[in-house]
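# Architecture at a glance
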Amino acid sequence: MKNKYKGNILALTIHLMFAKRITGPVMMLFYQAMSLNFSQIGILSSITWLTDASLEMYGGAFSDVYGRKKASLLYATLGMLCMIIFTFGDNFIHFAIASIAYGISLAVGSGNASSLLYDTLRMLKIENQYKKYRGKIMFPAKVMSSIVVLLLPFLYLHNIRYPFIAGFVFYLIAFLTALFFFAEPKLKKDINKTMHKTILSSIREILKSKRVMLVIAIDVLLSGFLLLSLEYLQPIIKLAGLPIAYFGVVYAAVRIFSGLASMLTHKLSRHSNSRLLAFSTGLIIINLIGFALTKSYFLVAFILISSIADGVSDIVTNDITNNNITPKNRTTILSTANLLTSLFFSILLISAGHISDQLGVQRMFGIAGITLVLLSAILLLSFKLRLSKQLFPQI
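Residues numbered from 1 in each chain as written. Predicted model: local features only at pLDDT ≥ 70, side-chain atom pairs only at ≥ 80, totals over all residues. Heavy atoms only, no water.

This part is about the overall build of the chain. Along the backbone of the chain there are 16 helices and zero strands. Taking as baseline every contact in the chain between residues at least 6 positions apart, the subset at least 24 positions apart corresponds to 86%. Of the roughly 17000 Å² that the chain leaves accessible, carbon and sulfur atoms contribute 68%. (Helix = DSSP H or I, 4+ residues; strand = E, 2+ residues; numbered from the N terminus. Contact = heavy atoms within 4.5 Å. Areas by Shrake-Rupley, 256 points an atom, 1.4 Å probe, with all protein chains shown as cover.)

As structure tokens, this is what we get:
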């Protein structure tokens, strides 16, 4: 029996190597080639994240009620649909529909892989090693991304539609790995459980745990600004003076640095989670301010700094949350954090697009950096005033 669940770790590693929209490095270039401005691009990205936000908890509840495997299959199917639309679409409406499809896929996949891994480790009675295994399965995924993004700009230069055809193939492989390899961990389920009941139960569980509330709030804040940095990587790389052919090298380095940070985070367990989160926050602030003040090739250094923060914060926040929630609502609660992140990021995107059109990309990042400093201070101060050290010995 245990061997069956051990196979999930390998299957999930392979699945995550392909379960992604690989076209990210050329999306903004593609939109600009289609004569869209930053405001229109911001609207399309916001459509994705608002769609994700509106369905996020239902996506998590779908996984909790119908199983991690079915959620993985639906996620890959929606990803394939998104790639088909981008391959043949040629106007804002087509791209909006594709953005909606991608948003639904994000909602369905939200927290699903993390839940499948944690539930598998529970069945193997080694859930206390979550950070170690999470880092191990994420590193090959980052390496695969690095290889892909090295080649993607050349595909784009040959034909701007080729990256989306490659993206379809990736989602197809992700579908096949989920179909044939995942063994569903057996959890105690209420046969009368519905998605609505799951959502209400999850909300009650979050509100009862101030520890989980704090971690979710920190996760939303850090993830929102990290996503903003990633969304504007292409304009930043342009400002650095690199030709399109070298975009893939930068994106590959981002994936590798993030993967290494994820893989090595468990080795930093001797440090409290509060220190690791403070470290991530500091790196993101340095990244944003660096984007605002630096010119030429030095901009690449600040891109890599953000990738390290991404790798560390993802592992730490997931580990804390998973250790403080019940298995029956696991994916729904993780999806709640992603829902709030999507809403927050949508606001950031619309604001960033408008500011970038009016003041320029670098000034926008300066404003973003100052905003993150203020929000971090307000968040940490508000919780420090209300919570005792006993509640948060590791946060």
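More follows now that the structure is in view.
Under the 1.5 Å per step criterion, the end-to-end length of helix α6 (residues 112-123) is 16 Å for twelve residues, consistent within 8% with the ideal 16 Å. Taken residue by residue, α6 has Asn112, Ala113, Ser114, Ser115, Leu116, Leu117, Tyr118, Asp119, Thr120 and Leu121 as its buried positions. (Expected span 1.5 Å × (residues − 1). Buried < 20%, exposed > 50% of the residue type's maximum accessible area, 1.4 Å probe, protein only.)

On to the nonpolar core, then. As a rule of thumb, nonpolar side chains are buried together in soluble globular proteins. Counting 93 residues, the largest nonpolar core has Tyr31, Phe86, Phe225, Leu228 and Phe365 as its most contacted members. A total of eleven residues in this core trace back to one element, the largest contributor, which is helix α10 (residues 210-231). When residues no more than four places from it in sequence are discounted, the contact partners of Leu228 are Phe345, Leu348, Ala352, Met364, Phe365 and Ala368. (Core = buried A, V, L, I, M, F, W, Y, C linked by side-chain atoms within 4.5 Å.)

Let us look at the packing of aromatic side chains. In the structure shown here, the tally under the stated rule is 16 aromatic pairs. Here Phe30 and Phe86 contribute two aromatic rings whose centre-to-centre distance is 6.3 Å and whose plane-to-plane angle is 85 degrees, an arrangement assigned as edge-to-face. Taken together, the residues Phe30 in helix α2 (residues 24-33) and Phe86 in helix α4 (residues 68-88) connect sequence positions 56 residues apart. Exposure remark for Phe30: the relative accessible area of 0% places this residue in the buried category. The buried category is assigned to Phe86, whose relative accessible area is 0%. (Phe/Tyr/Trp six-rings, centres within 6.5 Å; stacked < 30°, edge-to-face > 60°.)

This part is about the packing of α10 against helix α15 (residues 330-359). Axis angle and axis distance: for two packed helices, these are the angle between their axes and the distance between the axes, and together they describe the pair. At a minimum axis separation of 8 Å, α10 and α15 run at an interaxial angle of 40 degrees. Taken together, the axis directions place α10 and α15 in an arrangement best described as oblique. The interaxial crossing formed by α10 with α15 has right-handed handedness. Facing α10, whose interface residues are Ile216, Asp219, Val220, Leu221, Ser223, Gly224, Phe225, Leu227, Leu228 and Glu231, α15 presents Ala337, Leu340, Thr341, Phe344, Phe345, Leu348, Leu349 and Ala352. In terms of residue class, the contact of α10 with α15 is built from 13 nonpolar, three polar and two charged. (Axes fitted to C-alpha atoms, helices over the stretch in contact; angles between N-to-C directions. Parallel < 35°, antiparallel > 145°, perpendicular 65-115°, else oblique. Left-handed = near helix turned anticlockwise from the far one by under 90°. Nonpolar A, V, L, I, M, F, W, Y, C, P; charged D, E, K, R; others polar.)

Okay, unusual backbone geometry next. Most of the time, phi is negative for any residue but glycine, and the peptide bond is trans. Of note, the phi angle at Ser35 is positive, near 65 degrees, even though the residue is not glycine. Within the secondary structure layout, Ser35 lies in the loop between α2 and α3 (38-66). You can call Ser35 exposed: its relative accessible area is 65%. Phi is positive for Lys125, close to 60 degrees, though the residue is something other than glycine. Secondary-structure assignment places Lys125 in the loop between α6 and α7 (130-158).

Moving on to the packing of α2 against α7. Taken N-terminus to C-terminus, the directions of α2 and α7 make an angle of 15 degrees; their axes are 10 Å apart at the nearest point. Compared by their axis directions, α2 and α7 come out roughly parallel. Crossing handedness for the pair α2 and α7: right-handed. Of the residues in α7, those in contact with Pro25, Val26, Leu29, Phe30 and Ala33 of α2 are Val149, Leu152 and Tyr156.

The next point concerns the pattern of salt bridges. Applying the stated rule across the entire model yields one salt bridge. Arg68 is the salt-bridge partner of Asp119, the closest N and O atoms lying 2.6 Å from each other. Within this pair, whereas Asp119 is found in helix α6, its partner Arg68 is found in helix α4, the two being separated by 51 residues in sequence. Residues Asp119 and Arg68 agree in their burial class; the two are buried. (Salt bridge = Lys/Arg side-chain N within 4 Å of Asp/Glu carboxyl O.)

Given the relative accessible area of 2%, Arg68 is considered buried. Within the local environment of Arg68, its side chain forms a polar contact with the side chain of Ser63, the two groups lying 3.2 Å apart. A polar atom in the side chain of Arg68 sits 2.6 Å from the side chain of Asp119. (Polar contact = N/O pair within 3.5 Å; in protein donor to acceptor, adjacent residues only side chain to side chain.)

In this section: the confidence of the model for the chain. Caution applies to low-pLDDT parts of the model: their predicted coordinates are not meant to be read in detail. Within the chain, residue pLDDT values average 81, and 89% of them lie at 70 or more. Of all secondary-structure elements in the chain, the lowest mean pLDDT belongs to helix α9 (residues 195-208), at 76, while α4 reaches the highest, 93. Here residues 385-395 scores under 50 on pLDDT; set against residues more than four positions off or in separate chains, the count is 16 contacts. (pLDDT = per-residue confidence, 0-100.)

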